[in-house]
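Examining the three-dimensional arrangement
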Amino acid sequence: MASAQQLLQSQRDVLLEWLSPNPSPLLRWLCDDKVLSRAQYLSLLERQPANAVAATLEVVCGSEASSLGFLTVLGKVQDYYCAQLQAWVQQNCPEEPLGRVSNEAAAPVKVEEKRKSKKNLSKLFRSKSKEFAVTQDIKENQTHPLRNVKSPNLRVPISTHKNTLLSQTERMICYSEGGGEVSNSRSHIEIRYTDLFVTEDESMESSQHEYFNAMTRRARIYAHQHCHQIRPQHLLVPQEASKRPPKRIKVKGIAGIGKSVAVQRLMYEWALGKNLREFTCVFGLRFRELNLIDAPLSLLELLGTRFQYLRDVLPALLESPGSLLFILDGLDEFKYQLKWDGADKDISIDTKVPVSELMVSLIKGSLLPESSVILTTRPSTDAPKRFFQRCCVVLGFEEEQVKEYASKFYSDPQVAEKVYNYIAMNDSLFVLSFIPLYCYIICTALSEFFSANEREGDQGRSLEVNPPRTVSEVYSCYLVTAIKHHALKGKADRTTPKSEVLSLAKGQLIALGRLAYENLLKGNILFEQKDLEQFGLHPQDINSTFLCQVLVVIEEEKTEMFSFFHLTVQEYLAALYCATNLSKQEDILQALNFWCFGDLPSPSSYPPLISHSQQLNHKDTNKDTKLQKSLQMFTRFFMGVIRTRLEGQLQGLVQDPVLQGGQDFPVQLGLWFQDQFRGRKMSNEIALNLLHCLMELHMQEATSRAAPEIQRLHLFKMKLSVVDCAALHYVLQFSPHTLKELNLGYSNIGNRGLSRLGPILHRCESLYLRYNCLDKSAAILESAILKSKDCQVKKLYMCGNNLGPEGVLELWSALERNSTIEELYLDITGITERGTENIVNCLSNNTTLKTLTIVGNDIGMTGRARIKELERRRPGLRIIGNFVDDLGLLQAYLDWVQEIREDPDQMNAVKNADALQSVLKGLRVANADGEGENAMKARELEAQILQLLQVN
């Protein structure tokens, strides 16, 4: 009897020939069956296909057990390969691992030699050199990944479909390469793919820039730690309530968050037979491609056109719609209007209708209701939730995934660790890195500051030497890197001065920036060839210049479109164009008035970049319009680029960094910001954007003039990220004055955000931190502030935070030595009986505290006794521990319930703090059964809360 090793060694040449065109299924199944280790598997994926197969055969031939495992796996994946291999498998591969292979099975296959074999390995890979006689009685095996199709007539077309999908999905697509495949060897999806954070969608519509909206949602979810996380591969897992898998799933997320890559991974896994095996066929359709369809057509015609190799079996497939999955990617790119509220039309698979109606019918389920549909879209696109059994939002990476992504981006583990540590220590970069596309940009930018192969004379170059600190600097580094390594090729290397790099690309940068800016004002993100040519850009130059790093070429059957690979890239290039083309200080200030507030000067004095047609479109613009909100990221970039110009870092694009117009421009900018904070009425959102602009500008001469004008900041219910808190801290640190009021109620800043604000909190007279997802750590931080000799806090609102008994014990201890606090609000903060242990001793020694509220806390009989003792010792201290005690407090809570009813976001915050239940418990402890106005108000409050809980 021949061994499995001998069989593989004797048949090595033909196996190389048959397996080399498509090694992915074999390698993945070998890994999952433990024939190959995970490290071996990933290493093989980095090789060319033929080399990967040759190396695999060498590995498995190292032992009899591995050879048997290889043969078993080959039997499972045979349908991915040619008919000759399938015939060979039927003769030689066991269904299950055996001790030996029979003599008959081990007999070498009969190969007709067309020419004498040569020792050169490359000759072994020529498919025309050998042929194998295929037998007609290939056995069926229903356990194989491609053999779960009931009808034998479907197997070959489905096999072709899976192989086609594998070739389309096994490589990660990188926008920086102009939409092509990433050039480096680490681009295989198994190597580069990093799992995403997906959760149930409970969002409200928002007019914010989608980047800010994603950040605030993440702040809320992470701070509350109250969400149902869903891995992309589990989108179709049965839901707990119905116990049935959802049929219609909507997955939304901002551009660059990873929606398309997630569904690419799903299709890849299905094609490998590793996921979604309940589906006979998965159809992937992109709305971008569907834009090309002008004439009415049927679903049968659509699928027959897109998947021509399935055309003959489509009627049979569509007879069993329950085994079909449609993945519809990128609804936001669809040019046709979708009519969701129209009456359902009775259409079948061969009814011809406009493609928009076809998509609506498929999504709503009036067409093929038993099939499953996954729809991806951006938040701005209207797709009513009522048509979906599961609605999810992609939030990008978690902290661990950022670390994982960095480790996969850099081949050197030490470089990856240093890059990740730098990102984690920088608030702006850290929050940005949760978006996968931004993570790519950051990693690319930071590559310039550290190299595993440092050259002679460049030994000191590392991440510690002038790495980017702000978002603007990251994009600047990315752009210079793109030009240096892709456009200039032999003309530039790492030592080429930045000014020379920019000078060589000056013409294209100006044209690109003008295209970006003028279309940003119009809201355009897609361009035709004529649009590019109008701005002096030639589409044929994209692949040969750095344009491939910033533009995506969208090639379809009948048309060719272009876009920036991300909206923020368009915004940055627009800012670069404006910062290099505005030379007069007065022009810049007038432009800022327009970009930030919609203010336009008289037509006779329009600044250079606010002329032509845009003033016609926006001359009636009111403050806080959609345009100004959409330009927030652009204005931040502009401030960052202006600083680089003033520092002389744009030499090569501008001759003179000095701007025309009298006094020092940073001072002028500081006075402009000063005027806005002093005399202009603006929304909280715009005020926050100005703080970000100052942080991106990062010039003390400007910030020190603006900061003293900020005496009150009211950011109530604005969901703030750590970056927002960093902007607040950066600006307010330059103010020598006390901040009269800082209202961050319902802002979801969490412990990390509060810690970022820590150095300035002692200067806030009234500090509102209600419902901010804070815990014991926040109480410890506040305690340190209250103990500080520089503390100026008079009113502190900590309601609705889970401080717990340990946290409030720290606060009581701090108040023993504090001499500024007058009012302290600790409603619903998790105070227990233990949390009152030191309250009497500590607060008896405090002389300034006049009001203390602790309603909604279960302090028990002992706690209430301690409160009575404190009242006896401190007769001047008003303690509200019972809802019925204070009519004003009851009315405030009634107003609060009404606010919650009208604001789902606030309701989410309250739910996560279990606040409503705490209030109910407090009302019952207060015994509101008596007469009088207070008791009536208490009963009214209880009824309102019960009604609210019932509705939600």
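Reading the values: the criteria
- Residues numbered from 1 in each chain as written.
- Predicted model: local features only at pLDDT ≥ 70, side-chain atom pairs only at ≥ 80, totals over all residues.
- Heavy atoms only, no water.
- Helix = DSSP H or I, 4+ residues; strand = E, 2+ residues; numbered from the N terminus.
- Buried < 20%, exposed > 50% of the residue type's maximum accessible area, 1.4 Å probe, protein only.
- Areas by Shrake-Rupley, 256 points an atom, 1.4 Å probe, with all protein chains shown as cover.
- Pairing = 2+ DSSP bridges.
- Axes fitted to C-alpha atoms, helices over the stretch in contact; angles between N-to-C directions.
- Contact = heavy atoms within 4.5 Å.
- pLDDT = per-residue confidence, 0-100.
- Disulfide = S-S within 2.5 Å.
- Right-handed = clockwise from strand over helix to strand, strands pointing away.
- Core = buried A, V, L, I, M, F, W, Y, C linked by side-chain atoms within 4.5 Å.
- Expected span 1.5 Å × (residues − 1).
- Salt bridge = Lys/Arg side-chain N within 4 Å of Asp/Glu carboxyl O.

Counting its secondary structure elements, the protein chain contains 42 helices and 19 strands. Within the span of the protein chain, comprising 952 residues, buried residues form 58% of the whole. Accessible area for the protein chain stands at about 40400 Å²; split by element, carbon and sulfur atoms hold 47% of it.

As summarised here, the arrangement of the seven strands in space is β13-β14-β15-β16-β17-β18-β19, forming an open sheet in which the pairing is parallel. A single partner strand is all that each edge strand has here, and the edge strands are β13 (712-714) and β19 (878-880). Pairs of neighbouring strands in the sheet enclose a mean axial angle of 10°, with direction left out of account. Bridge count between strand β14 (residues 739-743) and strand β15 (residues 764-768): four bridges; the pairing is parallel. Counterpart to L742 in the pairing with β15 is L767.

A few words now on the environment of L573. The residue L573 is located in helix α25 (residues 567-581) in this model. Ignoring any residue separated from it by four or fewer positions in sequence, one finds L573 in contact with L479, L509, L512, G513, A516, V550 and F564.

It is worth spelling out the confidence of the model for the protein chain at this point. When pLDDT is averaged along the protein chain, the result is 81, and 80% of the positions lie at 70 or above. Across residues 217-227, confidence stays below pLDDT 50; counting only partners more than four residues off in sequence or on other chains, it has 38 contacts. Overall, residues 618-624 carries pLDDT values under 50, and its contacts beyond four positions in sequence, including any with other chains, amount to 15 contacts.

Our next topic: the state of the cysteines. Inspection of the entire model under this criterion finds zero disulfides. The cysteine C596 is free of any disulfide, with C693 supplying the nearest cysteine sulfur at 5.3 Å. For C596, a relative accessible area of 6% corresponds to the buried category.

Positionally, Q6 belongs in helix α1 (residues 4-10). Overall, Q6 belongs to the partly exposed group, its relative accessible area being 46%. Q6 sits 61 residues away from S67 along the chain, and the two C-alpha atoms are 9.0 Å apart.

What follows covers unusual backbone geometry. Unusually for a residue other than glycine, H698 sits at a positive phi of about 55°. Along the chain, H698 falls in the loop between α31 (684-697) and α32 (700-706).

Consecutive side chains of a regular strand alternate in pointing toward one face of the sheet and then the other. In terms of burial, strand β7 (residues 324-329) is largely enclosed, as six of its six residues are buried. Going residue by residue along β7, you find L324, F326 and L328 tucked away on one face and L325, I327 and D329 tucked away on the opposite face as well. Here six bridges tie strand β6 (residues 281-286) to β7, and the two strands are oriented parallel to one another. By the bridge assignment for β7, R286 is matched with D329. Looking at chain direction, β7 and strand β8 (residues 372-377) are connected through four bridges and run parallel. Paired with L325 across the bridge in β8 is S372. With respect to chirality, the unit in which β7 leads through helix α16 (residues 355-364) into the neighbouring parallel β8 is right-handed.

If you look at the biggest cluster of nonpolar residues, it comprises 238 residues, and the most contacted ones within it are L74, W595, W812, L826 and L852. Not counting residues up to four positions away in its chain, the partners in contact with L852 are W812, L824, L826, I839, L843, L877, R878, I879 and I880. Counting 41 residues, the second-largest nonpolar core is a separate cluster that includes L302, F334, I347 and V355.

So, on to α25. Spanning 15 residues, α25 covers 21 Å between terminal C-alpha atoms, matching the ideal 21 Å at 1.5 Å per step. Along α25, 13 of the 15 residues are buried, which leaves the element largely enclosed by surrounding structure.

In this structure, F594 sits in helix α26 (residues 585-597). In this structure, the C-alpha to C-alpha distance between F594 and I610, residues 16 residues apart in sequence, is 8.3 Å.

Once that is clear, we can look at helix α29 (residues 632-646). Three- or four-residue spacings in an α-helix give side chains the same orientation, since the helix completes a turn every 3.6 residues. Over its 15 residues, α29 runs 22 Å from end to end, which matches the ideal 21 Å to within 8%, given 1.5 Å per residue. Most of α29 is tucked away: 14 of the 15 residues are buried. Backbone geometry just downstream of α29 places G648 in the positive-phi region, at approximately 80°.

Our next topic: the pattern of salt bridges. One pass over the full model with this rule turns up 25 salt bridges. Close ionic contact of R306 with E289 constitutes a salt bridge, the shortest N to O distance being 3.5 Å. Remark: E289 occurs in helix α13 (residues 287-290) and R306 occurs in helix α14 (residues 299-306); sequence separation between them is 17 residues. The salt bridge partner of E869 is R873, with a shortest N-O separation of 3.0 Å. Of this pair, E869 and R873 both sit in helix α38 (residues 860-873), separated by four residues, roughly a single helical turn. You can call E869 partly exposed: its relative accessible area is 24%. By sharing partners, the salt bridges in this structure join R28, D32, E190, R265, E269 and K274 into a single network.

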